[in-house]
Amino acid sequence: LAPAPSSAAPAAAPVERAHDAHPMLLRLHPLQDHKLAYQFFTHARDVLVARRRPRSDLADSENARVVLRSRPSERLLCVDVADGLERSPIPVYNGVDAEPPPLDFSYVPQCVAVESVRLLALYDAAWPLPAGCGCTCSCSLDGGVCMCVHRDGVSESYARKQPAYAASRVLKRAYESIYECHLLCACALSCANRVVQRGMAARVEVFRTPKAGWAVRTVDAVRAGAFVCEYAGEHLPDDEAEERGIRYDQHGMSRLMDVQGDGPDALRMCVDATNFSSVARFVNHSCAPNCHKQRVFADHHTRLPRIALFALCDIAPLEELSYDYGYLDVPGKTLPCYCGAKNCKAKLY
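To start, this report covers the structure provided alongside it.

Scoring rules and cut-offs
- Residues numbered from 1 in each chain as written.
- Predicted model: local features only at pLDDT ≥ 70, side-chain atom pairs only at ≥ 80, totals over all residues.
- Heavy atoms only, no water.
- Helix = DSSP H or I, 4+ residues; strand = E, 2+ residues; numbered from the N terminus.
- Buried < 20%, exposed > 50% of the residue type's maximum accessible area, 1.4 Å probe, protein only.
- Contact = heavy atoms within 4.5 Å.
- Areas by Shrake-Rupley, 256 points an atom, 1.4 Å probe, with all protein chains shown as cover.
- Pairing = 2+ DSSP bridges.
- Axes fitted to C-alpha atoms, helices over the stretch in contact; angles between N-to-C directions.
- Polar contact = N/O pair within 3.5 Å; in protein donor to acceptor, adjacent residues only side chain to side chain.
- Salt bridge = Lys/Arg side-chain N within 4 Å of Asp/Glu carboxyl O.
- Expected span 1.5 Å × (residues − 1).
- Arc of directions from axis to C-beta.
- Core = buried A, V, L, I, M, F, W, Y, C linked by side-chain atoms within 4.5 Å.
- Phe/Tyr/Trp six-rings, centres within 6.5 Å; stacked < 30°, edge-to-face > 60°.

## Points about the overall build of the chain
Here's step 1: In terms of regular secondary structure, the chain is built from five helices and 18 strands.
Here's step 2: Relative to its 349 residues, the chain shows a buried fraction of 46%.
Here's step 3: Contacts in the chain between residues at least 24 apart in sequence constitute 67% of all its contacts with a sequence separation of at least 6.
Here's step 4: Carbon and sulfur atoms provide 54% of the accessible area of the chain, an area that totals close to 17400 Å².

Here it is in structure tokens:
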């Protein structure tokens, strides 16, 4: 998402910036669903959204590559579960049982918000917008003056010397919160402090497992610290999440994840990946995970954080992706774990 391009005259040496028009962006059509846009903007005229690539637009050669990637015992159930919303198609394979492809949700590359949460994110005099950095072209990640970089791990004494990202856009170290440059910043889209907001670059596949249901594996090698995908869903206030959680527990399946904004009156919310979600909804738990969760603020407000999955270690091609769900014990309830790790705890809670 990016605001409408300014009508001011371009600079002598123009640089592609987050607030400029972009080839992959277009204005909202009045009939489009504004959920994704209105959590950030008050007026539709200020909004640009990513152009969607329909499934039919996949080139024949790309379809062929997806078919050839399947293992001998697997069947290709779906060419692209993301429906053209990611850079690369995300195929679905099943070589275990007769389960059909998991298409019972709407794919979104980043979080959408229900009305109550969207209202909280609108401009508010009591909640001033954070100023954007004034860096030109790209922000320095090595002791520069970028105010966004300096917000990473602000509670830690040496944070100014230890930015979260390296120049290659891999995560150098985890913080409680990471602040990327955002829509109010002057730096270019190529800035190294813009990672999660650029979307997932890793090629992944959804596949069926014998015990743990659907899972996700990477097509190519992924280096340690690389951004893998975002846990997307609906931002919900706590009270609505509580109501949904009761219903989900009755069906033995819940995709609620707690999140919290930043600031003196930070809101506690949940991301519900049941009806709207990304490929992260299929990433399974492991007691020896190769990914981890990271709270990232990549928009021009600090009320709605993003939950990003980064690689904990180097991940080999076709290796299953996993992270620690971090479940707390639930009195009177247990949920078995099928991760198969040597240190498996046998149950999630």
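Having put the structure on the table, let's press on.
## Remarks on the sheet that holds strand S6 (residues 112–113)
Here's step 1: Read from one edge of the open sheet, four strands run S6-S11-S13-S12, paired in mixed fashion. The sheet terminates laterally at S6 and strand S12 (256–260), the two strands that pair on one side only.
Here's step 2: Sheet topology places strand S11 (residues 234–237) next to strand S13 (residues 268–272); four bridges connect them, and they run antiparallel. Across the sheet, the residue bridging to Pro 237 is Met 269, located in S13.
Here's step 3: The strands touched by helix H5 (residues 238–250) are S11, S12 and S13; relative to S11, the strand with the most contacts, the crossing angle is about 105°.

## Details of the environment of Thr 274
Here's step 1: Relative to the helices and strands, Thr 274 is located in the loop between S13 and strand S14 (276–277).
Here's step 2: Since its relative accessible area comes to 19%, Thr 274 is described here as buried.
Here's step 3: Discounting chain neighbours no more than four positions away, the residues touching Thr 274 are Asp 104, Phe 105, Tyr 248, Arg 255 and Arg 281.
Here's step 4: In this structure the side chain of Thr 274 is engaged in a polar contact, spanning 3.4 Å, whose partner is the side chain of Tyr 248.
Here's step 5: At 2.6 Å, the side chain of Thr 274 forms a polar contact with the side chain of Asp 272.

## Let's talk about the sheet that holds strand S16 (residues 291–297)
Here's step 1: The strand order across the open sheet built from four strands is S7-S16-S17-S10, with neighbouring strands paired in mixed fashion. Of all the strands in the sheet, just strand S7 (178–179) and strand S10 (227–230) have a single pairing partner and so form its edges.
Here's step 2: Judged from the six bridges that link them, S16 and strand S17 (residues 306–311) form a sheet pairing that is antiparallel. The residue of S17 that forms the bridge with His 292 is Phe 310.

## Side note on the pattern of salt bridges
Here's step 1: If you walk through the whole model with that rule in mind, you get 10 salt bridges.
Here's step 2: Across the salt bridge formed by Arg 306 and Glu 230, the nearest N and O atoms sit 3.7 Å from each other. Taken together, the residues span a long stretch of sequence, with Arg 306 in strand S17 and Glu 230 in strand S10 at a distance of 76 residues. Neither residue differs from the other here; Arg 306 and Glu 230 are each classed as buried.
Here's step 3: When the shortest N-O distance is used, the salt bridge between Arg 244 and Glu 240 registers 3.0 Å. You can see Arg 244 and its partner Glu 240 sitting in helix H5, four residues apart, about one turn around the helix.
Here's step 4: Each of Glu 234, Glu 240, Arg 244 and Asp 272 takes part in salt bridges that share partners, so that together they form one network.

## Here's the deal with the side chain of Asn 193
Here's step 1: Topologically, Asn 193 is positioned in the loop between S7 and strand S8 (204–208).
Here's step 2: Note on Asn 193: relative accessible area 1%, which makes it buried.
Here's step 3: Within the structure, the side chain of Asn 193 is placed 3.3 Å from the backbone oxygen of Tyr 179, a separation counted as a polar contact.

## Describing H5
Here's step 1: With 13 residues, H5 should reach 18 Å at 1.5 Å per residue; the first-to-last C-alpha distance of 19 Å fits that figure.
Here's step 2: Of the positions making up H5, those classed as buried are Ala 241, Arg 244, Gly 245 and Tyr 248. One side of H5 holds all its buried residues, which, seen down the axis, span an arc of 115°. Opposite the packed face of H5, turned more than 90 degrees from it, sit the exposed residues Asp 239, Glu 242, Glu 243 and Gln 250.
Here's step 3: Turning to H5, the residues buried within the fold contact S11, S12 and S13.

## A few points about the nonpolar core
Here's step 1: Core analysis: the biggest nonpolar cluster contains 56 residues, and Ile 90, Val 279 and Phe 310 have the highest contact counts within it.
Here's step 2: Secondary structure elements with two or more residues in this core: S8, strand S9 (214–218), S10, S12, S13, S16 and S17.
Here's step 3: Of the residues forming this core, the biggest block, five residues, is contributed by S17.
Here's step 4: Sequence-distant contacts of Val 279, defined by excluding residues within four places in its chain, comprise Ile 90, Tyr 107, Met 200, Val 204, Val 206, Val 216 and Cys 229.
Here's step 5: Cys 133, Cys 181, Cys 185 and Cys 187 belong to the second largest nonpolar core, which has 10 residues in total.

## Section: the packing of aromatic side chains
Here's step 1: All chains considered together, the criterion is met by six aromatic pairs.
Here's step 2: Each ring, one from Tyr 165 and one from Phe 310, has its centre 6.3 Å from the other, and the planes form 35°; the classification is tilted. Pair noted here: Tyr 165 is in the loop between helix H4 (147–151) and S7 and Phe 310 is in strand S17, with a separation of 145 residues, a long-range link. The pair formed by Tyr 165 and Phe 310 is uniform in burial state, with each residue classed as buried.
Here's step 3: Judged by centre distance (5.6 Å) and plane angle (55°), the rings of Phe 227 and Phe 310 are tilted. One end of the pair, Phe 227, is in strand S10; the other, Phe 310, is in strand S17, and 83 residues separate them in sequence.

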